[in-house]
Amino acid sequence: LFAPAAPEFIAQHLQHPSPEQLELRDGLMDHPAHVDPKFLYDALGSALFTAITQLPEYYPTRCEAEIFQRHGGDIARHIGPVQSMIDLGAGDCVKAERLFPSLRPRHYVPIDISADYLESAVRRLRLSYPGLQITALGQDFSHALALPPSVPAEQRLFFYPGSSIGNLSPEDARAMLQRIRGQCEGGGLLVGVDRVKSRQVLEPAYDDALHLTAAFNLNLLRHINSLLDADFDVEDWRHVALFNSARSRIEMHLEAQRAVRVAWPGGQREFSAGERIHTENSYKFTPQSFADLLASAGYRDVAHWSDSRGWFSIFSARA
Ligand code: AVJ
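Residues numbered from 1 in each chain as written. Predicted model: local features only at pLDDT ≥ 70, side-chain atom pairs only at ≥ 80, totals over all residues. Heavy atoms only, no water.

1. Concerning the overall build of the protein chain
- Secondary structure summary: the protein chain contains 10 helices and 13 strands in total.
- Whereas a compact globule of 319 residues would reach a radius of gyration of roughly 20 Å, the protein chain reaches 20 Å, a difference of no more than 12%.
- With 319 residues in all, the protein chain has 50% of them scored as buried.
- Considering only contacts in the protein chain between residues 6 or more positions apart, those separated by 24 or more positions represent 69%. (Helix = DSSP H or I, 4+ residues; strand = E, 2+ residues; numbered from the N terminus. Rg over C-alpha atoms; globule rule 2.2 N^0.38 Å. Buried < 20%, exposed > 50% of the residue type's maximum accessible area, 1.4 Å probe, protein only. Contact = heavy atoms within 4.5 Å.)

Printed below as a string of structure tokens:
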């Protein structure tokens, strides 16, 4: 299992890097270096994120659950009838499952880049909901969104909870929202967004006392090692999370604690002490800034609900 890659494998990898490997290599060679946050989610990364959602400091998941609990009826009425529920970044599928009783989809389409993690969640769902048609897609929907023809075109609901849309820059978020709209004419979108609030609340949510978020961020290096056959040493790096208020976003970085050289077949990069790899942005919105974004992407009938502290928002809109 731990045998080194055969020479012919390395040669092939050098000649035919996958799009994923090219993307990683380009980001690592950039100044400053960056890696797309989707690479945080290998099986261990997905499990660590699920653990993060249970931390006292990580409020978004609980706020979002509170909104669905208190306003679920209103939200379901605003959405109207749902044929298929397309769950973007479904993970353990638990959030969608809680909405099955009120939304009553006939067809559930969870999509997640972490295919193994999704598969075990779907195995459990199939047992609990024998009447529900489930089409699980282990794919990266960040660049393109293709649904199989088995998913009926009418009354689609795109479900994008947890403020995952905050990982995208405003321009990329608009493009993604437009792509979704192109796939659900006459359907709808249900999306969770995190709100701008004080640094004293935001930063601990991304830099918790148990260091689970640090582990989640550092695990990215292990994932890169396996995808790229690179030789990052986790010990050389430390987790950094800060609120960039000018850009209204939490930033996560990995900072080299000493000068390091990282190598992979066909390339290498030197990092000086203190140099960072930017690993995630998590944009925070005001109700107005997100409503404007939806409008600019062509959505209408925009409705919005908040938790009691006004820390998180759920938006429902028609495509
Ligand atoms: C899954 C993208 C919503 O940005 O809050 C949690 C990911 N990163 N802790 C977020 C995350 C660090 C999370 N999203």
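2. A few points about the packing of helix 3 (residues 43–52) against helix 9 (residues 212–228)
- Two elements in contact, helix 3 and helix 9, have axes separated by 9 Å at closest approach and are oriented at 170°. For the element pair helix 3 / helix 9, the angle class is roughly antiparallel. Residues L44, G45, L48, F49, A51 and I52 of helix 3 form the contact with helix 9, whose own contacting residues are L212, T213, A215, F216, N219 and R222. (Axes fitted to C-alpha atoms, helices over the stretch in contact; angles between N-to-C directions. Parallel < 35°, antiparallel > 145°, perpendicular 65-115°, else oblique.)

3. Concerning the site of the ligand
- Around the ligand, a shell composed of 13 residues is seen, among which Y58, G162, Y206, E280 and S282 lie nearest.
- Look at the ligand: alone it shows 350 Å² of surface, and the protein chains cover 97% of it.
- At the level of secondary structure, the elements contributing two or more residues to the shell around the ligand comprise helix 9 and strand 11 (276–283).
- Looking at side-chain class alone, the shell around the ligand contains six nonpolar, six polar and one charged residues. (Near = heavy atom within 4 Å. Areas by Shrake-Rupley, 256 points an atom, 1.4 Å probe, with all protein chains shown as cover. Nonpolar A, V, L, I, M, F, W, Y, C, P; charged D, E, K, R; others polar.)

4. Overview of the packing of aromatic side chains
- Throughout the structure, instances matching the rule amount to 14 aromatic pairs.
- On the basis of an interplanar angle of 80° and a centroid distance of 6.0 Å, the ring pair of F141 and Y160 is categorised as edge-to-face. On the criterion of sequence distance, the pair formed by F141 in the loop between strand 4 (133–134) and strand 5 (156–160) and Y160 in strand 5 is long-range, its members being 19 residues apart.
- Between the aromatic rings of F285 and F290, the centroid separation amounts to 5.0 Å while the plane-to-plane angle is 80°, which identifies the pairing as edge-to-face.
- You can call F285 buried: its relative accessible area is 9%.
- Through successive ring pairs, a cluster of aromatic residues spans Y41, F49, Y58, Y206 and F216. (Phe/Tyr/Trp six-rings, centres within 6.5 Å; stacked < 30°, edge-to-face > 60°.)

5. Notes on the confidence of the model for the protein chain
- Of the residues in the protein chain, 96% reach a pLDDT of 70 or more, and the chain-wide mean stands at 94.
- Per-element mean pLDDT across the protein chain ranges from 59 in helix 1 (residues 7–15) up to 99 in strand 8 (residues 249–256). (pLDDT = per-residue confidence, 0-100.)

6. Here's the deal with the state of the cysteines
- The final tally for this structure, using the stated rule, is zero disulfides.
- Unpaired in terms of disulfides, C184 finds its nearest cysteine sulfur in C93, a separation of 19 Å. (Disulfide = S-S within 2.5 Å.)

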